[in-house]
Amino acid sequence: MLGFDPSPSLSVRAPGGWETWWTERGAPARWEAPLPAVADRVGWRRAAPGLEWGEVSLSGDGEAFRVRVIVARLDPELLQLSLVKPADGPVYAGRWDIGEVPDSAVFAINAGQFTAGPWGWLVQDGVERQRPGTGPLAPAVVVDTTGAVRLVPPDSLAAVRASTRLAFQSYPTLLQADGDIPAPLRSDGLGVNRRHRDARLALGETREGRILVAMTRFEGLGGALANMPLGLTTPEMAAVMGALGAKRAVLLDGGISSQMLIRDGDTKREWPGWRRVALGLIATPKPPR
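This is a predicted model, so every value here is computed, not measured. (Residues numbered from 1 in each chain as written. Predicted model: local features only at pLDDT ≥ 70, side-chain atom pairs only at ≥ 80, totals over all residues. Heavy atoms only, no water.)

Attention shifts here to helix H4 (residues 234-244). With 11 of 11 residues buried, H4 lies mostly within the body of the structure. Within the sequence span of H4, burial applies to Thr234, Pro235, Glu236, Met237, Ala238, Ala239, Val240, Met241, Gly242, Ala243 and Leu244. Just past H4, the residue glycine 245 takes up positive phi, approximately 115 degrees. (Buried < 20%, exposed > 50% of the residue type's maximum accessible area, 1.4 Å probe, protein only. Helix = DSSP H or I, 4+ residues; strand = E, 2+ residues; numbered from the N terminus.)

Here the focus is the sheet that holds strand E10 (residues 140-144). Within a sheet, each strand pairs with its neighbour through backbone hydrogen bonds, oriented either parallel or antiparallel. A sheet is described by the order of its strands in space; here 5 strands give the open sequence E9-E8-E12-E10-E11, paired in antiparallel fashion. Each of the sheet's edge strands pairs with one partner strand only, and the pair in question is strand E9 (127-130) and strand E11 (149-152). Taking each pair of neighbouring strands and ignoring which way they run, the sheet shows an average axis angle of 30 degrees. Judged from the 4 bridges that link them, E10 and E11 form a sheet pairing that is antiparallel. (Pairing = 2+ DSSP bridges. Axes fitted to C-alpha atoms, helices over the stretch in contact; angles between N-to-C directions.)

So, on to the packing of aromatic side chains. Under the counting rule described, the total for this entry stands at 4 aromatic pairs. Relative to tryptophan 271, the ring of tryptophan 53 lies with its centre 5.6 Å away and its plane at 65 degrees, an arrangement referred to as edge-to-face. A residue pair is termed long-range when its members are at least 10 positions apart, and tryptophan 53 in strand E4 (residues 51-59) and tryptophan 271 in strand E18 (residues 267-271) qualify at 218 residues. What makes tryptophan 53 buried here is its relative accessible area of 2%. We classify tryptophan 271 as buried; its relative accessible area is 15%. (Phe/Tyr/Trp six-rings, centres within 6.5 Å; stacked < 30°, edge-to-face > 60°.)

Turning our attention to the environment of threonine 284. Its location among the elements puts threonine 284 in strand E19 (residues 280-285). Note on threonine 284: relative accessible area 13%, which makes it buried. Sequence separation between threonine 284 and alanine 105 is 179 residues, and the spatial gap between their C-alpha atoms is 4.5 Å.

Within strand E1 (residues 9-14), 5 of the 6 residues are buried, which leaves the element mostly enclosed by the surrounding structure. Across 6 bridges, E1 lies against strand E2 (residues 17-23) in antiparallel orientation. Residue pairing across strands places alanine 14 opposite glycine 17, the latter belonging to E2. Taken together, the 2 bridges between E1 and E4 define a ladder with antiparallel strand orientation. Across the sheet, residue valine 12 finds its bridge partner in E4, namely leucine 58.

Here we come to the pattern of salt bridges. A full pass over the atoms with the stated rule returns 18 salt bridges. When the shortest N-O distance is used, the salt bridge between arginine 41 and glutamate 19 registers 3.4 Å. Taken as a pair, arginine 41 in the loop between helix H1 (36-39) and strand E3 (45-48) and glutamate 19 in strand E2 lie far apart in primary sequence, 22 residues in all. What makes arginine 41 partly exposed here is its relative accessible area of 28%. Arginine 73 is the salt-bridge partner of glutamate 52, the closest N and O atoms lying 3.1 Å from each other. In this pair, glutamate 52 is assigned in strand E4 and arginine 73 in strand E5 (residues 67-74), connecting sequence segments 21 residues apart. The exposure class assigned to glutamate 52 is partly exposed, which follows from its relative accessible area of 22%. Bridged by salt links that share partners, the residues Glu24, Asp188, Arg194 and Arg195 form one connected network. (Salt bridge = Lys/Arg side-chain N within 4 Å of Asp/Glu carboxyl O.)

Our next topic: unusual backbone geometry. A cis amide bond links tyrosine 171 with the next residue in sequence, proline 172, at an omega value of -10 degrees. Residue placement: proline 172 occurs in the loop between strand E12 (164-169) and strand E13 (173-175). The backbone of aspartate 125 shows a phi angle near 55 degrees, a positive value even though the residue is not glycine. Checked against the element boundaries, aspartate 125 lands in the loop between strand E8 (122-124) and E9. Look at aspartate 125 and you get exposed, because its relative accessible area is 60%. Look at alanine 177: it is not a glycine, yet its phi comes out positive at around 55 degrees. By the element assignment, alanine 177 lies in the loop between E13 and helix H3 (183-186).

Turning our attention to the pairing of strand E17 (residues 260-264). Burial runs high along E17: 5 of the 5 residues are buried. Side chains Met260, Ile262 and Asp264 of E17 all project onto a buried face; the interleaved residues Leu261 and Arg263 project onto the opposite face, where all are buried too. Pairing of strand E7 (residues 107-110) with E17, which is carried by 3 bridges, proceeds in the antiparallel orientation. When the sheet's bridge partners are listed, phenylalanine 107 is paired in E17 with isoleucine 262. Taken together, the 5 bridges between E17 and E18 define a ladder with antiparallel strand orientation. The residue of E18 that forms the bridge with arginine 263 is lysine 268. The turn linking E17 back onto E18 is made up of 2 residues, and glycine 265 within it adopts a positive phi angle of 65 degrees.

Below, the structure written as structure tokens:
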């Protein structure tokens, strides 16, 4: 068939039907700007000062034939990030979920990756709880003592340890430098499973200095199985973050761990996970200056 491309692809729901915007065969090596075909269809709405959110429907191959992406943009000038552990003890065990979010928080997600507890570097309220982990695709989300938020590559963590108020580490990198796709996401055999599909959660940094968070939910069967760990591959999630406008991005723990809360005025919107986790990231309004 003329124009047929058998490589994996992603389409977005548009007024006239589904429009293909990404194929693995034609995937860019760098995302230099948001892709209007995706970013302009999010339907952004203001939930609170410094917090916008929206949704977009995608269609991919196999079990990703219907995927909803919930997207949030946070302004660090107006919102303060905090790391919270389970309330029922001093140990970072798998006991936190969005049900523990305080009323003051307007946004919350599970943070980082986990083994028995949080993996890698962990700084809470200026106190280093865990030393940095090692890995070429393991950056850290860092808030420094001025309140600035950055996604710091693993080879630069030592330079920021003394000026960090909050940090957690995760993997793998989805976008690095100024929108570059890491080589392990473009070629097989370099340490990243490029074919595995799952529910995804990612955090990125935009060129305007905002925090961009995207979480996927399976939308097939009318949304009845929304929490099932079905969805996008890692390269596809990198494409989603690039198309939404991130210049740097990293995966967080997805699958049945991924969860999000958005306080939209008087409405508390929740996308729960299937299990509790070791650590949460919340955003609260900054006090007036």
